[in-house]
Amino acid sequence: KGGKGKGKGKGGGERGSKRGRDEGGAGEPSPKRGRGGAAEGAQKGSETTEAGTSYEPGCIVAVKDLAEGSDISSVKEKLNDAAGAGAVRFVEIVEGQPLAFVRFGTPAAATAALGASVEGVGSLSMLTGDDEKAYWDKISAAAPKSGKGGKGKGGKGK
């Protein structure tokens, strides 16, 4: 009987020590929450489109006169080199036109890409004002709506 009690206590302690393996232990979740969850981004400097989509201005860059033969991965690679690894979140190349739209994770990353000398991509310009709102409306219209997501089988599975 005494062995079982020790085992439980010991096991509980081990679990706690495994969780605390990362330096900082319980203090870590705070910085993670502050990294830009949707709620935080919506409060700081965000704007709202006609469709009600909340967005952070200054994250969309238009690439005009897109270099021939450019594809999504080459554009993303060159702009990530200029703005920092992981800065580019999404690249849309407009079919049949030498035009692309690049969404950056932050306005600072977009500004860094604009300020860098990026060769072999095209001319870069920030989308602003009504053009930017219209682009975010287009993004939200194309995105799947959250909600039910499908009918599923439901029930207890028997």
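For the structure itself, look to the data block above.
Everything in this summary refers to the structure shown in the same document. Keep in mind that this is a model prediction, so the values were computed, not measured.

### Regarding unusual backbone geometry
- You will see that Asp65, though not glycine, has its phi angle at about 55°, which is positive.
- Among the secondary structure elements, Asp65 is positioned in the loop between strand 3 (60–64) and helix 4 (72–83).

### Things to note about the nonpolar core
- If you look at the biggest cluster of nonpolar residues, it comprises 16 residues, and the most contacted ones within it are Val63, Leu66, Val75, Leu79, Val88, Val102 and Phe104.
- Where this core is concerned, the elements lending two or more residues are strand 3, helix 4, strand 4 (88–94), strand 5 (99–104) and helix 5 (107–115).
- Residues Tyr55, Ile60, Ala62 and Phe101 belong to the second largest nonpolar core, which totals 9 residues.

### A closer look at the packing of aromatic side chains
- Per the stated rule, a full pass over the model turns up 2 aromatic pairs.
- Residues Phe101 and Tyr135 carry aromatic rings whose centres are separated by 4.7 Å and whose planes lie at 35° to one another, so their mutual orientation is tilted. On the criterion of sequence distance, the pair formed by Phe101 in strand 5 and Tyr135 in helix 6 (residues 129–142) is long-range, its members being 34 residues apart. When sorted by exposure, Phe101 lands in the same class as Tyr135, which is buried.

### Points about the sheet that holds strand 5
- Spatially, 4 strands are ordered 4-5-3-6 in an open sheet, and the strand pairing comes out antiparallel. The open sheet has two edge strands, strand 4 and strand 6 (123–126), and neither has a second partner. Strand-to-strand twist in this sheet, taken as the mean axis angle between neighbours without regard to direction, amounts to 20°.
- Direction of pairing for strand 3 relative to strand 5: antiparallel, over a ladder of 5 bridges. Considered in strand 5, the bridge of Val63 is made with Ala100.

### A closer look at the packing of helix 4 against helix 5
- It is the contact of helix 4 with helix 5, at a shortest axis distance of 8 Å, that shows an interaxial angle of 100°. Compared by their axis directions, helix 4 and helix 5 come out roughly perpendicular. Contacts from Leu79, Ala82 and Ala83 of helix 4 reach helix 5 at Ala109, Ala112 and Ala113.
- A per-class count over the contact of helix 4 with helix 5 returns 6 nonpolar, no polar and no charged.

What counts and how
Residues numbered from 1 in each chain as written. Predicted model: local features only at pLDDT ≥ 70, side-chain atom pairs only at ≥ 80, totals over all residues. Heavy atoms only, no water. Helix = DSSP H or I, 4+ residues; strand = E, 2+ residues; numbered from the N terminus. Core = buried A, V, L, I, M, F, W, Y, C linked by side-chain atoms within 4.5 Å. Buried < 20%, exposed > 50% of the residue type's maximum accessible area, 1.4 Å probe, protein only. Phe/Tyr/Trp six-rings, centres within 6.5 Å; stacked < 30°, edge-to-face > 60°. Pairing = 2+ DSSP bridges. Axes fitted to C-alpha atoms, helices over the stretch in contact; angles between N-to-C directions. Parallel < 35°, antiparallel > 145°, perpendicular 65-115°, else oblique. Contact = heavy atoms within 4.5 Å. Nonpolar A, V, L, I, M, F, W, Y, C, P; charged D, E, K, R; others polar.

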